[in-house]
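What follows is the residue order along each chain.
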Amino acid sequence: ESPYVEHAQYYDIAVNYPTSTPLKAVASTAALSTMKNWAGEQIAQFKEDGNFDNLSAEDIQMMGYDQGRKETLQIDYLMGSSPITNPRTISYIYTDYLDTLGAHGNTFFKTFTFDTQSGKLLSLADIFQSGTDYLGTLSPLARASLAESLATNADDKMLSDGTTPDAKNSQNWVLDNQDLLILYAPYDVDAY
């Protein structure tokens with residue numbers, strides 16, 4: 001595990017990503033590079049969005065930075081810091097917690113699934129036969145499963161919008177043995 005930690009006057013960043021994978025050497029290097037680059041992009045975007053180098057005295061006071069408040073970016077990979085391995089794939093699940101001093105912080109997911117033979121980063125389309133309407137099949141299944149688990153708390157419009165047959169709605173997925181797991185962050189399919 002490789003931690004990246006940065007404590008600055010107006011923000012704190014803590015990012016963890018693996019330093020090794022069970023993939024073969026070249027594939028492992030490519031996979032690690034893909035995940036590290038993604039983490040670097042998240043850090044850069046956080047700093048750009050925060051505009052920390054150009055804050056006015058009014059910004060500092062309005063955000064409460066002058067009272068010790070700080071924005072936070074925390075990225076961790078899940079599953080006990082171990083990837084989900086299958087004979088043909090290896091997957092990593094990351095939580096991306098972002099607190100920009102609003103009402104509450106928000107959590108997002110990012111997944112990476114690699115082919116164990118080639119080390120190629122797989123898209124969801126890659127695990128289905130070419131030409132298959134996999135999104136059209138997954139969409140109603142996800143909607144029904146989520147409606148059942150959310151029960152009476154479900155926001156029908158958010159649930160419907162978040163489970164349309166659009167690749168972005170199913171972009172965070174892993175294979176766990178025979179199960180396809182699709183992860184939805186708060187506000188993807190229901191209120192926080």
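Everything numeric here is computed off the predicted structure, so don't read it as measured data.

**Student:** How do you make sense of the overall build of the protein when you look at a structure like this?
**Tutor:** The helix and strand tally for the protein stands at four helices and eight strands. Walking the protein from its N terminus toward its C terminus, one meets helices and strands in the order β-β-α-α-β-β-β-β-α-α-β-β. If you line up the protein on its principal axes, its C-alpha atoms span 55 × 50 × 30 Å. Counting all 192 residues of the protein, 39% fall into the buried class. Across the protein, every contact between residues at least 6 apart in sequence was considered, and the portion connecting residues at least 24 apart equals 57%. Roughly 11000 Å² of accessible area belongs to the protein as shown, and the carbon and sulfur atoms make up 49% of that amount. One way to put it: in the protein the 11 positive side-chain charges average out to a point 7 Å from where the 26 negative ones average out.

**Student:** Which parts of the structure should I look at to understand the pattern of salt bridges?
**Tutor:** Any two side chains of opposite charge can pair, given that their charged atoms come close. Going through the model one piece at a time under the given rule, you end up with four salt bridges. Note that K47 and E6 form a salt bridge whose closest N and O atoms lie 2.8 Å from each other. One end of the pair, K47, is in helix α1 (residues 25–50); the other, E6, is in strand β1 (residues 2–7), and 41 residues separate them in sequence. Given the relative accessible area of 28%, K47 is considered partly exposed. Residues D126 and K120 are paired through a salt bridge, measuring 3.5 Å at the closest nitrogen-oxygen approach.

Thresholds, definitions, all that
- Residues numbered from 1 in each chain as written.
- Predicted model: local features only at pLDDT ≥ 70, side-chain atom pairs only at ≥ 80, totals over all residues.
- Heavy atoms only, no water.
- Helix = DSSP H or I, 4+ residues; strand = E, 2+ residues; numbered from the N terminus.
- Buried < 20%, exposed > 50% of the residue type's maximum accessible area, 1.4 Å probe, protein only.
- Contact = heavy atoms within 4.5 Å.
- Areas by Shrake-Rupley, 256 points an atom, 1.4 Å probe, with all protein chains shown as cover.
- Lys, Arg positive; Asp, Glu negative; His and termini not counted.
- Charge placed at Lys NZ, Arg CZ, Asp CG, Glu CD.
- Salt bridge = Lys/Arg side-chain N within 4 Å of Asp/Glu carboxyl O.

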